[in-house]
Amino acid sequence: MPKAVVPGSFDPVTLGHLDVVTRTAALFDEVVVAVLVNESKRALFSVQERIDMIQRSTAATANVSVMSFSGLLTDFCAQQEASVIVKGLRAPADLDIELQMAHMNTHLSGVETLLLPTSPSLSFVSSSLVKEVVRFGGDISGLVPADVRDRLQGRATAGREEEKRER
Ligand code: PNS
């Protein structure tokens, strides 16, 4: 199969995301991981940091590249000549929004969406929960790559020190 786009915010990438990316890479000739540039949403990591983290984690998979995009995902897919979007599906609760987006994207450009069930062992992992756990000193090993864990722990420590100074 030709080319697929795996889009997301990836703030930061988790092992759940990477599970979906590597399984997509086994199904398609080429995979572009597309990091959304969203000015209106405050992200913990810059787009470049997010791209770096994904590139490090996917370096061993030759047919994966990582890019940023802004605007409509369908425009990015057209630019990349990718006819398929792949999204991970963690739980039934994800389905409502994913179906709505899949239908909208097909309506806009005819691009198809494949929903790939996330491995059950990672189905509870999300970027936002991981950020919350690390903020309160919890252990996130096994949920994100080691370098992502270290960066998150660094941010959490810096945040706590700043809070102390402000008190
Ligand atoms: O990781 P996320 O935040 O769930 O990813 C959502 C994403 C990036 C796939 C979605 O917000 C998106 O496609 N944004 C681009 C703007 C767009 O095309 N909107 C219409 C989607 S139907």
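Our structure's up above, just so we're on the same page.
First, a word on scope: everything that follows refers to the structure included in this document.

About the thresholds
- Residues numbered from 1 in each chain as written.
- Predicted model: local features only at pLDDT ≥ 70, side-chain atom pairs only at ≥ 80, totals over all residues.
- Heavy atoms only, no water.
- Helix = DSSP H or I, 4+ residues; strand = E, 2+ residues; numbered from the N terminus.
- Buried < 20%, exposed > 50% of the residue type's maximum accessible area, 1.4 Å probe, protein only.
- Areas by Shrake-Rupley, 256 points an atom, 1.4 Å probe, with all protein chains shown as cover.
- Lys, Arg positive; Asp, Glu negative; His and termini not counted.
- Charge placed at Lys NZ, Arg CZ, Asp CG, Glu CD.
- Salt bridge = Lys/Arg side-chain N within 4 Å of Asp/Glu carboxyl O.
- Near = heavy atom within 4 Å.
- Polar contact = N/O pair within 3.5 Å; in protein donor to acceptor, adjacent residues only side chain to side chain.
- Nonpolar A, V, L, I, M, F, W, Y, C, P; charged D, E, K, R; others polar.
- Phe/Tyr/Trp six-rings, centres within 6.5 Å; stacked < 30°, edge-to-face > 60°.
- Pairing = 2+ DSSP bridges.
- Right-handed = clockwise from strand over helix to strand, strands pointing away.

Attention now goes to the overall build of the protein chain. For the protein chain, the helix and strand inventory stands at six helices and five strands. Starting at the N terminus and walking to the C terminus, you meet the elements of the protein chain as β-α-β-α-β-α-β-α-β-α-α. Buried residues in the protein chain amount to 40% of all 167 residues. Surface exposure of the protein chain reaches about 9,400 Å², of which carbon and sulfur atoms provide 54%. Averaging the locations of the 17 positively and 21 negatively charged side chains of the protein chain gives two centres separated by 7 Å.

Taken as a whole, this structure holds eight salt bridges when the rule is applied. Arg56 is paired through a salt bridge with Asp147; the nearest N and O atoms lie 4.0 Å apart. Remark: Asp147 occurs in helix 6 (residues 146–166) and Arg56 occurs in helix 2 (residues 47–58); sequence separation between them is 91 residues. The partner of Asp150 in a salt bridge is Arg149, and the shortest N-O contact between them spans 3.2 Å.

As a matter of local geometry, the ligand sits amid Pro7, Gly8, Ser9, Leu36, Phe69, Gly71, Leu72, Leu73, Lys87, Met101, Met104 and Asn105. The separation between an oxygen atom of the ligand and a polar side-chain atom of Ser9 is 2.6 Å. One of the backbone nitrogen or oxygen atoms of Leu73 is found 2.8 Å away from an oxygen atom of the ligand. Summarising the interface, the protein chains cover 71% of the accessible area of the ligand, which totals 550 Å² for the free molecule. Mapped onto the shell around the ligand, the elements with two or more residues apiece are strand 1 (3–8) and helix 4 (92–109). Broken down by element, the shell around the ligand gets its largest block of residues, three residues, from helix 4. Tallied by class, the residues present in the shell around the ligand amount to seven nonpolar, four polar and one charged.

For the structure shown, the criterion picks out one aromatic pair. Ring geometry for Phe69 and Phe76: centres 5.4 Å apart, planes at 35°, overall tilted. Both residues of the pair, Phe69 and Phe76, belong to the buried class.

Looking at where Leu72 falls in the secondary structure, it is placed in the loop between strand 3 (64–69) and helix 3 (73–80). Between the C-alpha atom of Leu72 and that of Leu108, which follows or precedes it by 36 residues, the distance is 9.6 Å.

What follows is about the pairing of strand 2 (residues 30–36). Within strand 2, five of the seven residues are buried, which leaves it mostly tucked inside the rest of the structure. Across six bridges, the pairing between strand 1 and strand 2 is parallel. Pairing of Gly8 across the sheet is with Val35, part of strand 2. The parallel pair strand 1 and strand 2, bridged by helix 1 (residues 15–27), forms a crossover whose chirality is right-handed. With six bridges joining them, strand 2 and strand 3 adopt parallel strand pairing. Across the sheet, Val32 pairs through a bridge with Ser65, a residue of strand 3. Where the polypeptide runs from strand 2 across helix 2 and back to strand 3, its parallel neighbour, the crossover connection is right-handed.

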